[in-house]
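One letter stands for each residue in the lines below.
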Amino acid sequence: MQIKRLAFGAVSSLLLVLAPISASAAGNTLEVVKKRGHVQCGVSQGLPGFSNPDDKGNWTGIDVDFCKAVAAAIFGDAGKVKFTPLSAKERFTAIQSGEVDIIARNTTWSMHRDTALGVDFRAVNYYDGQGFMVRADLGVTSSTELDGATLCTNQGTTTELNAADYFRANNMQYEIVAFEKADEAVAAYNSGRCDAYTTDHSALYAQRLKLTDPQAHIVLPEIISKEPLGPAVRQGDNVWGDIIAWVHYATVAAEELGVTSKNIVSMGNSTNPSVKRLLGKDGTFGANLGIPADWAFQAVKQVGNYGEIFERNVGINTPLGIKRGYNALWTDGGLQYAPPIR
Amino acid sequence: MLGALVLAMVWLVANVQSNLERQNINSGFGFLSERAGFGINQTLIEYSEDSSFARVLTVGLLNTLLVSVLGIGLATVLGFVLGVARLSSNWLVNKAAMVYVEIFRNVPLLLHIMFWYFGVLRNLPSPRKAVSLGDAVFLSNRGIVVPALEMTAAAWWYGAALAVSTTAYFWLRRRARLLRLADGTAQSIWRPVSMIAMASLAFAALLGGVPFSFDIPALKGFNFRGGITVIPEFVALLLALSLYTAAFIAEIVRAGIQSVSKGQREAAAALGLPDNTALRLVVIPQALRVIIPPLTSQYLNLTKNSSLAVAIAYPDIVSVFAGTTLTQVGQAVEIIFITMMIYLTLSLLTSFAMNRYNARIALVGQKS
């Protein structure tokens, strides 16, 4: 695995080095994808609820569903997508070098990443924040009591920086042990190497499921950072970036309009102009994006609206049991808001 | 030919630059002076979140060097012992060494590292239930915490005493040698040297008192404060690297010893040299000529294998620089380039030193 990882880093760097000047891959991702016949999507190496392979190798999760929706919008077939598992450290090199068309890898949108890494963040499909998980028998109930604690986390994440800032701001000492893979970080935490495991709140709930005795661990209530997670594409390809953004907005708009994967066919007869535009009966939105007119229809029919995607993967009835919270529609007091499709 | 190579290099560099520019990725080495912002849990030099990425590079490099140098030392000693044991006429010793070699060299190194880390860590107690040795040394799943030795001002007196004794030793040795050359009288210098050393140390103790104090670790909150912590990642990596490489070195040593013709050993026996002396003075010096070149390769392997540290979060150069720094800064080309250059330099330096040593013993071998 390690050899593979190092080789990956080296090969990706090499791609950056050798990619000929003439073939400017930056400007025509959509054409490349259409010619190839599938979307190549960079996902995590296994994070329940976001992107996780089952024992048959089928990927599920919010991020996985997002890529499927993109495939449905372009090809009318949600199955025309392939997944590349990436570590936190590999993800930006993979998108920069053209290895993947999109990273939907629970990745935080930050200014530095958006402006200096050659990638563009175009939407937020999950509003998250960083927190801590500790053993219940430690007797800690708030992250302000963590002075002197040892933290396990994932290397090369905003988490590492946030933890440093948080402990500093609160004048507390800490020791950090940063692992390349989340699995190893969790294993080390599980074996007692660290007092706390820190990462995004959603991931804490997801990783807790993997522990030997999930009930023996609690997630502390504090959220110490803003972690808007969203899909990112290569900078400079606005056509492709628009598709990514609007596929997400279409799923959000569908939920707002009450369009679900189940009723979407019957909604075809709707006289509501907003629904007609969303379903491609009106306007030239698909053509403007360079994809079929029924792009949003296919995405919602095959994958579902935002609410369906959320509830299926991380919602209250899944093992993760996460409430909508910030990720509720703006009409319900949340942050999910789609600009008008018109 | 050379021109073509230079042209190719120029094209590569220009190509990279235009690619990076087109994709709007920052380039250049300016990031090295920026604030790192993240913590590292083992630093041999002063480091904080405010330090620069260049400092991160140095910290990582020193951590790599620490584990490599200690690993090479341990692996060499253990390897030589095992290699000689492999040829022992004692059945038990011989087979034990064989079993060791076959087990350790036939399991992938990454598994060794994982075993020493996760397998052993899991069975260690938490800091609150740490195994303690005289309430000064503590063993827990946070590592081994030992008292830190802190020098006081009095240490200078002891330094002076040491300098005096060393000077006296060299001066007396030179005098003894001149005497021996002049009229052949052999003179032992150990008595005067040890007397001078004891006298000067006693003098220093009288003037300065105790030259050091201990910073004894104590459990406070979650963890031990004070003392020096040897983190479990370091111990696991060091053990895995040296035990694994020792198996290969043992085979190299065995091959080297077996390459010395049997007649040499028999001749030594005929001269009345005991077995151990024959091994030390006759066989090993000749075997070294065969041992050194492949041994160099093992040293290089060990150094490069230390990059597997990343799997268990030991903050070596690949982990903190080609890992964390790379994701924070996002400049893969520059960072991978710097890292490759550093490993190349380390390897070339090791090779150079070993080749020098090889040349020296090879000459001696030919003269004899």
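> Would you mind showing me how to read the overall build of chain A here?
Each helix and strand counted, chain A has 13 helices and 14 strands in total. By the compact-globule yardstick of 20 Å for 342 residues, chain A fits well, its C-alpha radius of gyration being 21 Å. Along the first, second and third principal axes, the C-alpha atoms of chain A reach 60 × 50 × 40 Å. Taking all 342 residues of chain A together, the buried fraction comes to 55%. Pairs at least 24 residues apart make up 72% of the contacts formed inside chain A by residues separated by at least 6 positions.

> Just checking my understanding: could you explain the overall build of chain B for this structure?
A count of helical and extended segments in chain B gives 11 helices and 8 strands. Here the C-alpha atoms of chain B give a radius of gyration of 27 Å, more than 25% beyond the 21 Å that 2.2 N^0.38 yields for 368 residues. Reported as C-alpha extents along the three principal axes, the dimensions of chain B are approximately 80 × 65 × 45 Å. In chain B, buried positions account for 32% of the 368 residues.

> Looking at this model, I keep getting lost on the domain arrangement of chain A. Mind explaining?
It is common to give the size of an interface as the accessible area lost on bringing the parts into contact. Residue and element names in this part refer to chain A. Here the domain parsing of chain A yields domain 1 (2–127 + 229–332) and domain 2 (131–225). Across the boundary between the two partners, domain 1 contributes 15 residues, which contact 14 residues of domain 2. Here the residues of the side of domain 1 that touches domain 2 are counted per class, giving 8 nonpolar, 6 polar and 1 charged.

> In this structure, what is going on with the sheet that holds strand β8 (residues 228–230) of chain B? I would like to understand it.
Either a parallel or an antiparallel arrangement is found when strands of a sheet pair, and the pairing is made through backbone hydrogen bonds. Residues and elements named next belong to chain B. Within the open sheet, the 4 strands sit side by side as β1-β2-β3-β8. Their pairing is antiparallel. Two strands bound the open sheet, and with one partner strand each, they are β1 (131–133) and β8. Between one strand and the next, the sheet's axes are offset by a mean angle of 20 degrees, whatever the strand orientation. Sheet analysis places β1 next to strand β2 (residues 137–140), joined by 3 bridges and oriented antiparallel. Within β2, the residue paired with serine 132 across the bridge is phenylalanine 138.

> What is the right way to look at the nonpolar core in this model?
Within soluble globular proteins, side chains that are nonpolar generally end up buried alongside one another. By size, the foremost hydrophobic cluster in this structure holds 170 residues, and its most contacted members are Cys67(A), Val70(A), Ala73(A), Ile102(A), Ala250(A), Ala299(A) and Leu237(B). Looking at which element gives the most residues to this core, the answer is helix α7 (residues 232–259) of chain B, with 16 residues. In this structure, Phe138(B), Ile144(B), Val145(B) and Phe224(B) belong to the second largest nonpolar core, which totals 5 residues.

> How should I be thinking about the packing of helix α4 (residues 109–121) of chain B against α7(B) in this particular structure?
Helix-helix packing is characterised by the crossing angle of the two axes and by the distance between the axes. All names here are of chain B. Orientation of α4 relative to α7, taken along the N-to-C sense of each, is 140 degrees, at an axis distance of 9 Å. When the interaxial angle is binned, α4 and α7 end up oblique. Here the hand of the crossing between α4 and α7 comes out right-handed. For the pair formed by α4 and α7, the contact residues are Leu109, His112, Ile113, Trp116, Tyr117, Val120 and Leu121 on the first element and Pro232, Glu233, Ala236, Leu237, Leu239, Ala240, Leu243 and Tyr244 on the second. Here the contact of α4 with α7 is built from residues that sort into 13 nonpolar, 1 polar and 1 charged.

> Explain the sheet that holds strand β10 (residues 174–179) of chain A to me, please; I cannot follow it from the model alone.
Residues and elements named next belong to chain A. On the basis of which strands lie adjacent, the open sheet formed by 5 strands has the order β10-β9-β11-β8-β12 and mixed pairing. In this open sheet, the two edge strands, each paired with only one partner strand, are β10 and β12 (217–219). Recorded for the sheet is a direction-independent mean angle of 30 degrees between the axes of neighbouring strands. The pairing of strand β8 (residues 130–135) with strand β11 (residues 196–200) spans 5 bridges and is classified as antiparallel.

> Looking at this model, I keep getting lost on unusual backbone geometry. Mind explaining?
Trans peptide bonds make up most of the peptide bonds, and negative phi angles are found at most residues other than glycine. In this structure, Asp135(B) is a non-glycine residue whose phi angle is positive, near 55 degrees. Tracing the sequence through the fold places Asp135(B) in the loop between β1 and β2.

> How do you make sense of the domain arrangement of chain B when you look at a structure like this?
In terms of domain boundaries, chain B breaks down into domain 1 (44–147 + 218–367) and domain 2 (156–209). Each of domain 1 of chain B and domain 2 of chain B was reduced to a C-alpha centroid, and the two centroids are 36 Å apart.

> So what exactly am I meant to see when it comes to the interface of chain A and chain B here?
The interface is formed by 45 residues belonging to chain A together with 40 residues belonging to chain B. Of all elements in the fold, only α1 (2–18), α4 (91–96), β9 (149–154), α6 (158–169), β10 and α7 (182–190) of chain A reach the threshold of two or more residues within the side of chain A that touches chain B. Within the side of chain A that touches chain B, the residues separate by chemical class into 19 nonpolar, 16 polar and 10 charged.

> What's the story with the confidence of the model for chain A in this structure? I'm lost.
In regions of low pLDDT, the predicted coordinates are not meant to be interpreted in detail. Residue and element names in this part refer to chain A. Looking at chain A as a whole, its pLDDT mean stands at 89, while 92% of the residues score no less than 70. When mean pLDDT is compared element by element in chain A, helix α3 (residues 62–75) scores highest at 97, while α1 scores lowest at 53. Across residues 1–6 the pLDDT falls below 50, and counting only partners more than four positions away or on other chains, this stretch makes 4 contacts in the model.

About the thresholds
Residues numbered from 1 in each chain as written. Chains lettered and ligands numbered in written order. Predicted model: local features only at pLDDT ≥ 70, side-chain atom pairs only at ≥ 80, totals over all residues. Helix = DSSP H or I, 4+ residues; strand = E, 2+ residues; numbered from the N terminus. Rg over C-alpha atoms; globule rule 2.2 N^0.38 Å. Buried ≥ 20, exposed ≤ 12 C-beta atoms within 10 Å, placed from the backbone. Contact = placed C-beta atoms within 7 Å. Domains from an automatic or database assignment. Nonpolar A, V, L, I, M, F, W, Y, C, P; charged D, E, K, R; others polar. Pairing = 2+ DSSP bridges. Axes fitted to C-alpha atoms, helices over the stretch in contact; angles between N-to-C directions. Core = buried A, V, L, I, M, F, W, Y, C linked by C-beta atoms within 7 Å. Parallel < 35°, antiparallel > 145°, perpendicular 65-115°, else oblique. Left-handed = near helix turned anticlockwise from the far one by under 90°. pLDDT = per-residue confidence, 0-100.

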